[in-house]
Amino acid sequence: MPRAVVVGGGVVGSTAALELAEAGWQVTVCDPDLGPGGCSHGNAGMVVPSHIVPLAAPGVVGQGLKWMLDPRSPFRLKPRLDPGLWRWTARFLRSATRGHVERSAPALREIGLLSRRLWAERAAGLPFAFGFEERGLLMLARTAHGLAEEEEGARLAERHGLEARVLDRAGVQALEPEVEVRAAGGVFYPGDAHLDPGGFLRGLWGHLEGLGVVSLPWRIDGFERRGGRAVGVRAGAESLPADAVVVAGGAWSPALGRLLGFELLLEGGKGYSFTLRREALPVRVPALLVERRVAVTPLGGRVRLAGTLELAGTDRTIDPRRVAGIAAAPPEFYGVPEIAPPATDDVWVGLRPCTPDGLPSIGLAPGWENVVVATGHGPMGLSLAPATAKLVTGLITGTPLPIDPAPFRPDR
Ligand SMILES: Cc1cc2nc3c(=O)[nH]c(=O)nc-3n(C[C@H](O)[C@H](O)[C@H](O)COP(=O)(O)OP(=O)(O)OC[C@H]3O[C@@H](n4cnc5c(N)ncnc54)[C@H](O)[C@@H]3O)c2cc1C
C-alpha cells in the first residue's frame, strides 16, 4: 500500500487524509496540536460558493486604512519587523485591482461550486452528522450605502452564473420569522450552506481511525529527499517514510515552505468566535453583517458570532476590544438586546492562512515531484476543503482532476 504523510490536521489536511484513505493509501497525519489550536474548529462554518471575490479587491485598502484607527474595528495590520510581511503587503496592494478580481472570480467560482456539491455528498454519505444545512447566506446591510455595495457584488455573482436575490427590509424579514430585522436590506445567496465545523472534525477523526488513518503528535521539521522526491518526513530524532507528502500547515505553512526550499507568502489573519444560546439571537439564515464584517451562524440550539481579521503572523493573543466589537454588532442589525462580550476563556481564536492575492495555494511544491501544498485558503478553508482534497488526491495518484488547478499553483 502506498504511504502518504499529511502535515497538518486542520480541515484541509483531514479532508485530504479522508480522500487519500478512500483512494487506498496508508495515511498518517502529523500535527502536534490536533484540536481547537488550528483554524478549523471554531470558525463560522459557512460554505460559500457565492464568495468569488478574493480578499485582495479594490476598496479593501481604503476601508482597511480607516479601520486601522478604530480598536474595535474588524481589521488590523499589526506592524512588525519581518521582511516577509512587507513582501506580503506589497503583493497584496498589487493584487487589489479590478482586473485581478475579474481574473480570479472564474477560478473561485469553479472550486467553490465543486466544493459545495462535495459537501452535500459528504453530508449524505458519511456515517456521522455535522449539522449541514442548505439555507443560503444573507449579506445583511444596515445602511443604504452598504446595500448598494452588496448589489454590485450580486451583479458580479449573476454575471458568473450564481443566483443572488436583492431584498429590501421586508424581504429579509420574510426569511427571519423569529427576530426583528433592522437592516436596510440584503443580498440572499440561496446556493450557500453551513455546518458545524468542530462537530465535523470530531466525527471525521473517529471515522478516519476506522479507516486505519494514524495520527502522530509530531511537529514536522524536515523532509528527506532522494532526487526530486520526498522519501520521508522528520520531527526531531524521529522519521517516517513516505511515498507522497501533503503540506497543509495552515498559517504555519511558510516555515514548511522554507524547509522545502521555496517562499510561501502567507499571513495569519487572526479572527475570533464565540457561541451563544440561540435565544440570544434566533436567526434561521446565516448572515454576514456587512458594515461590521461579523458572521452569524445558527448551529442547532446555538448561534455563533465570528469576526475580525488582524494580520498578526502567528500571534494568537486575544484582543478583548475586538471581541467586544463583534458582540456589539448584532443589535445594530436585529431587534435583540445587547450581547455581553464573553470572558476571554470562552473566545475561540483562529489564524486564517491568507495569501496576498486571496487565492489558495494548491499544487506541487516547486522542485518536488510528490509533495503537494494545500494551504492559503484564507477566510474560505472550510468551504473549499473537499474540493482541495480532490485536487490533492488527483495530483498524488495521477487520476483526472475535477477542475484545472493552474490558478492555484503555489509558485504563481
Ligand atoms: C473567525 C473565523 C471565521 C471563519 N469562518 C469561516 C467560514 O465560515 N467558512 C470558511 O470556509 N472558512 C472560515 N474561516 C477560515 C477557515 O477557518 C480556515 O481557512 C481553515 O480552517 C484553514 O484550515 P487549514 O487546515 O488550512 O489550517 P488549520 O486549521 O490552521 O490547520 C493547520 C494545522 O497544521 C498544523 N501544523 C502547522 N505546522 C505544522 C508542522 N510543522 N508539523 C505538523 N503540523 C503542523 C497546526 O497545528 C494546525 O493544526 C474562518 C476563520 C476564522 C478565524
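Quick note: structure is the one above.
What counts and what doesn't
Chains are numbered independently. Their residues run from 1 in the order of the written sequence. Totals for whole chains, interfaces and linings use all residues, but because this is a predicted model, local features are given only for residues with pLDDT of at least 70 and pairs of side-chain atoms are given and counted only at 80 or more. Just so you know, side-chain values use all the structure's heavy atoms and leave hydrogens and water out. The rule for a salt bridge is simple: a side-chain nitrogen of Lys or Arg has to be within 4 Å of a carboxyl oxygen of Asp or Glu. Buried residues are those whose accessible area, probed at 1.4 Å on protein chains only, stays under 20% of the maximum for their type, while exposed residues exceed 50% and partly exposed ones sit between those limits. Runs of H or I in DSSP of at least four residues are treated as helices and runs of E of at least two as strands, each being numbered from the N terminus. DSSP bridges decide pairing: two strands pair if at least two such bridges lie between them. Geometry is summarised by axes, namely lines fitted to C-alpha atoms with helices restricted to the contacting stretch, and by angles between N-to-C directions that run from 0 to 180 degrees. One heavy atom suffices: a residue is near a molecule or strand as soon as one of its heavy atoms comes within 4 Å of it. N or O atoms within 3.5 Å of each other form a polar contact, as long as, within protein, one can give a hydrogen and the other can take it, and as long as residues adjacent in sequence are counted only when both atoms are side-chain atoms. Note that accessible areas follow from Shrake-Rupley with a 1.4 Å probe, and for residues the cover is restricted to the protein chains shown. Residues are grouped as follows: Ala, Val, Leu, Ile, Met, Phe, Trp, Tyr, Cys and Pro are nonpolar; Asp, Glu, Lys and Arg are charged; every other residue, Gly included, is polar.

Let's talk about the pattern of salt bridges
Alright, step 1. Scanning the model with the defined rule gives 27 salt bridges in all.
Alright, step 2. Here R109 and E110 are joined by a salt bridge, their closest N and O atoms 3.1 Å apart.
Alright, step 3. Taking the relative accessible area as the measure of exposure, R109 reaches 21% and is therefore partly exposed.
Alright, step 4. The exposure class of E110 is partly exposed, given its relative accessible area of 39%.
Alright, step 5. Its salt-bridge partner being R142, residue E332 comes within 3.5 Å of it at the nearest N-O pair. Of the two residues, E332 is situated in helix 10 (residues 330-333) and R142 in the loop between strand 5 (137-141) and helix 5 (144-159); the sequence distance between them amounts to 190 residues.
Alright, step 6. The class for E332 is partly exposed, based on a relative accessible area of 27%.
Alright, step 7. It is possible to trace a salt-bridge network through shared partners that takes in E19, E22, R122 and K390.

Focus: the sheet that holds strand 19 (residues 361-364)
Alright, step 1. Spatially, 9-2-1-13-20-19 is the arrangement adopted by the 6 strands of the open sheet, whose pairing is mixed. Each edge of the open sheet is held by one strand with a lone partner, namely strand 9 (214-216) and strand 19. Going from strand to strand, the sheet's axes swing by 15° on average, the running direction of each strand aside.
Alright, step 2. The pairing of strand 1 (residues 3-7) with strand 2 (residues 26-30) spans 5 bridges and is classified as parallel. Residue pairing for strand 2: V6 is matched across the bridge by V29.

Looking at the site of the ligand
Alright, step 1. For the ligand, the set of nearby residues contains 38 residues, the closest of which are D31, S40, M46, G378 and S383.
Alright, step 2. In the environment of the ligand, a nitrogen atom lies 2.9 Å from a nitrogen or oxygen atom belonging to the backbone of I220.
Alright, step 3. Residue L382 places a main-chain N or O atom 3.1 Å away from an oxygen atom belonging to the ligand.
Alright, step 4. Contact with the protein chains hides 96% of the accessible area of the ligand, taken as 1,000 Å² for the molecule alone.
Alright, step 5. Taken together, the elements giving at least two residues each to the shell around the ligand come down to helix 1 (11-22), strand 14 (267-277), strand 18 (348-354) and helix 11 (381-397).
Alright, step 6. Take the shell around the ligand: its biggest share by element is 4 residues, from strand 18.
Alright, step 7. Counted by class, the shell around the ligand contains 20 nonpolar, 14 polar and 4 charged residues.

Description of the sheet that holds strand 12 (residues 238-241)
Alright, step 1. Ordered by their spatial adjacency, 3 strands build an open sheet running 10-11-12, and the pairing between neighbours is antiparallel. Whereas interior strands pair on both sides, the edge strands pair on one side only; in this sheet they are strand 10 (222-226) and strand 12. Put simply, the sheet's adjacent strands are angled 30° from each other on average, direction ignored.
Alright, step 2. As judged from the 4 bridges shared by strand 11 (residues 229-235) and strand 12, these two strands associate in the antiparallel manner. Bridging across to strand 12, V233 finds its partner in L240.

Description of the pairing of strand 16 (residues 294-299)
Alright, step 1. The buried fraction of strand 16 is high, at 6 of 6 residues.
Alright, step 2. Side chains V294, V296 and P298 of strand 16 all project onto a buried face; the interleaved residues A295, T297 and L299 project onto the opposite face, where all are buried too.
Alright, step 3. With 3 bridges joining them, strand 15 (residues 287-289) and strand 16 adopt antiparallel strand pairing. Within strand 16, the residue paired with L289 across the bridge is V294.

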